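# Structural features, examined
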Amino acid sequence: MAGARKQFDPDSVVTLAMSVFQENGYEQSSINELLDVMQIQRSSFYSTFGSKRSLFLRALTEYSAKVLRRIRLEVLESSDDYIQNILDWLTFLTSSMTTGRAVEMGARSFLEVAQSDPEVNEIAESFFLELEKILYTALQRSNKKVVLKGINLQQLASLIASQVEASLLLHKAGVPINIIQNSILVIRALLDHGLEPK
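I will try to describe carefully the structure that is included in this document. (Residues numbered from 1 in each chain as written. Predicted model: local features only at pLDDT ≥ 70, side-chain atom pairs only at ≥ 80, totals over all residues. Heavy atoms only, no water.)

## With respect to the nonpolar core
Grouped together as the largest cluster of nonpolar side chains are 58 residues, with contacts concentrated most on Met38, Leu55, Leu90, Leu131, Leu139, Val164 and Leu191. Of all the elements in the fold, those that place two or more residues in this core are helix H1 (10–24), helix H2 (31–38), helix H3 (42–49), helix H4 (52–77), helix H5 (82–99), helix H7 (118–141), helix H8 (153–172) and helix H9 (177–193). The dominant element in this core, judged by the number of residues it contributes, is H4, at 11 residues. Excluding its chain neighbours within four sequence positions, the residues that come into contact with Leu55 are Val14, Ala17, Phe21, Leu34, Met38, Phe45 and Phe49. (Core = buried A, V, L, I, M, F, W, Y, C linked by side-chain atoms within 4.5 Å. Buried < 20%, exposed > 50% of the residue type's maximum accessible area, 1.4 Å probe, protein only. Helix = DSSP H or I, 4+ residues; strand = E, 2+ residues; numbered from the N terminus. Contact = heavy atoms within 4.5 Å.)

Here is the structure:
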């Protein structure tokens, strides 16, 4: 039918947009490249998303939720050995940094824009608070307590989440991976030797 508007699923094209932001970061992703990858018309883009920034915020929010779902599965549901699940996830994280996958859209975009953009910063803060909750739940389910005086499970979960955030920042800044791995080793040592059965 001549003149008919092309129909598309906004959720599907947001997923496609994620790949562009993941590859280029926010600043280097052009509207034209987004339109090419999303395979939609410029008018449809603006009527659906309003702006590149709005699309970016939506993509970042959805990407964050997707990553948190994956972490939740790996840390809380992959086995009943919750400490080992956290250790395995930390191993995955550091190996992802080695291969470059950890500075995907989430890490790159958080780090690129969060300091200057309150909305992106809010998404980043929400992400790391939710990560902390997942870790705390796993630590609670482990039926272990922290051996070190003055530190409880909540503080340990906060420490791990903060170390993950710091590691991503260091990786983005170009700090050698062996230095980042050494900082993660401290967390691993706390999990291996700083906990005992309740």
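Next comes the rest of the description.
## Here we look at unusual backbone geometry
Located in the positive-phi region is Gln39, a residue other than glycine, with phi close to 55°. When you line up the elements, Gln39 lands in the loop between H2 and H3. A relative accessible area of 55% places Gln39 in the exposed class. You will see that Asn143, though not glycine, has its phi angle at about 55°, which is positive. Structurally, Asn143 can be placed in the loop between H7 and strand S1 (144–146).

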